[in-house]
Amino acid sequence: MTRGLVLGAFGGVWALAAAIGAAQQGRSGPGGGQQEPSADAIQAEKIRDNLHVLRGGGRTVQIGGVNVPQAGTTAAFITANGVVLVDTKLPGWGKPIMDKLKEITDKPITTIINTHTHMDHVGGNVEFPATVEVVTHENTAKLMQEMRQVTGGPVQPNLFKDNNGRGLPSRTFSDRVTLGSGNDRIDLYHFGRAHTSGDAWVVFPALRVLHAGDAFPGKGVPPLDANNGASGVEYPETIAKAIAALTNIDIVITGHYHTTLTMADLRSFGEFTREFVQAVQATKRAGRTIDDFVNTWRIPERFVKEGYASTEHLRPIRPDVEVIWNETK
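Okay, so let's go over this structure. (Residues numbered from 1 in each chain as written. Predicted model: local features only at pLDDT ≥ 70, side-chain atom pairs only at ≥ 80, totals over all residues. Heavy atoms only, no water.)

With that settled, the discussion passes to unusual backbone geometry. Its identity as a non-glycine residue notwithstanding, Lys89 has a phi of 65°, on the positive side. In this fold, Lys89 is placed in the loop between β7 (83–86) and α2 (94–102). Overall, Lys89 belongs to the buried group, its relative accessible area being 0%. (Helix = DSSP H or I, 4+ residues; strand = E, 2+ residues; numbered from the N terminus. Buried < 20%, exposed > 50% of the residue type's maximum accessible area, 1.4 Å probe, protein only.)

Shown next as structure tokens:
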């Protein structure tokens, strides 16, 4: 497979599709295998003394020669009063997250922030104590009640309905909200539609760290879940707003990438996304077809040099192209 030929999308939609498929069929995936839920299967990376990234969960898949876990990236922020989690991975991974945290701190988990509605980021919610506050954007709160099918992907099981609403958001925000104060402060932002209609950007100001969720999943075609409110046309503008508003950030935690990145990487992703959207629109306006685009489009060489890679064996980009195509007049 040629790295420059993009026939797949990196990020939450393919990860979720493959992860649910593996759970249903008991299969391992290309480049790796099924990870059984356990604390040992979670890798804790210390970003700051009081901030850890918890990777792992579900199957592992190979992206550009690197094995990547399909469960979303979890962040654990240790405050004076307890632990604030960002995202809870797939169903069955709530308890392993709690067990892993016991190796790091004896403080209780007080809060969960979900960056968006997909099962590989919210699936563990139902396993946490009912006393834990769950915070999301207001659109995500509505979507989590429904757990709609993913565009180009699977039907999501509605664990929240099956568990009488346990794990659903108890607090929401519209454009911005602040949790805590001082060194424990967390700022939550919503800049518009991107991966879904409810993507939350989570900033730890004292640590100069951002968790972008799947609004910035990694280095590849942006996955667009239109069934859950995504917009390909608005995506580049949403990223531009985030870059303009989020200053003094040194480290960016993505939704799925195997290392932390930087704001320079986010800017590059914004440029990549804009060029991708414009290329789809130019194809439509030239009177050509979606097949023409999918069969001929390649990653621009400058992005290949930055590590952007194809994921054809995981999820074709056609659903993402169709979203942009249908939005383009």
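That was the structure; now back to the text.
It is worth spelling out the sheet that holds strand β12 (residues 186–189) at this point. Overall, mixed pairing links the 5 strands, which are arranged β11-β12-β13-β14-β15 in an open sheet. Two strands close off the open sheet at either side, each with one partner strand: β11 (176–179) and β15 (251–253). Averaged over neighbouring strand pairs, the angle between their axes works out to 20° when direction is ignored. Here strand β13 (residues 201–204) pairs with strand β14 (residues 209–211) via 3 bridges, running antiparallel. Within the sheet, the bridge partner assigned to Val203 lies in β14 and is Leu210. (Pairing = 2+ DSSP bridges. Axes fitted to C-alpha atoms, helices over the stretch in contact; angles between N-to-C directions.)

Bringing the packing of helix α7 (residues 263–285) against helix α10 (residues 318–327) into the picture now. Put simply, α7 and α10 touch, their axes get as near as 9 Å, and they point 65° apart. Of the two elements, α7 crosses α10, and the hand of that crossing is right-handed. Contacts between α7 and α10 involve Phe276, Val277, Val280, Gln281, Thr283 and Lys284 from the first element and Val321, Ile324 and Trp325 from the second. Among the residues forming the contact of α7 with α10, the class breakdown is 6 nonpolar, 2 polar and 1 charged. (Left-handed = near helix turned anticlockwise from the far one by under 90°. Contact = heavy atoms within 4.5 Å. Nonpolar A, V, L, I, M, F, W, Y, C, P; charged D, E, K, R; others polar.)

Bringing the pairing of strand β3 (residues 51–55) into the picture now. A large share of β3 lies buried, amounting to 5 of its 5 residues. Neither face of β3 is exposed, since Leu51, Val53 and Arg55 on one face and His52 and Leu54 on the opposite face are all buried. Both strand β2 (residues 43–48) and β3 contribute to a ladder of 5 bridges, which runs antiparallel. For Arg48, the partnering residue across the bridge sits in β3 and is Leu51. In sequence, β2 turns back onto β3 through a hairpin of 2 residues.

Turning to the packing of aromatic side chains, a few remarks are in order. As enumerated under the stated definition, the model contains 12 aromatic pairs in all. The interplanar angle of 10° and the centroid separation of 5.4 Å between the aromatic rings of Tyr189 and Phe191 together place this pair among those described as stacked. Ring centres 5.7 Å apart and planes at 15° place the aromatic pair Phe293 and Trp297 in the stacked group. Under the relative-accessibility criterion, Phe293 is labelled buried at 2%. Among the aromatic residues, those joined into a cluster by ring pairs are Phe272, Phe276, Phe293, Trp297, Phe303 and Tyr308. (Phe/Tyr/Trp six-rings, centres within 6.5 Å; stacked < 30°, edge-to-face > 60°.)

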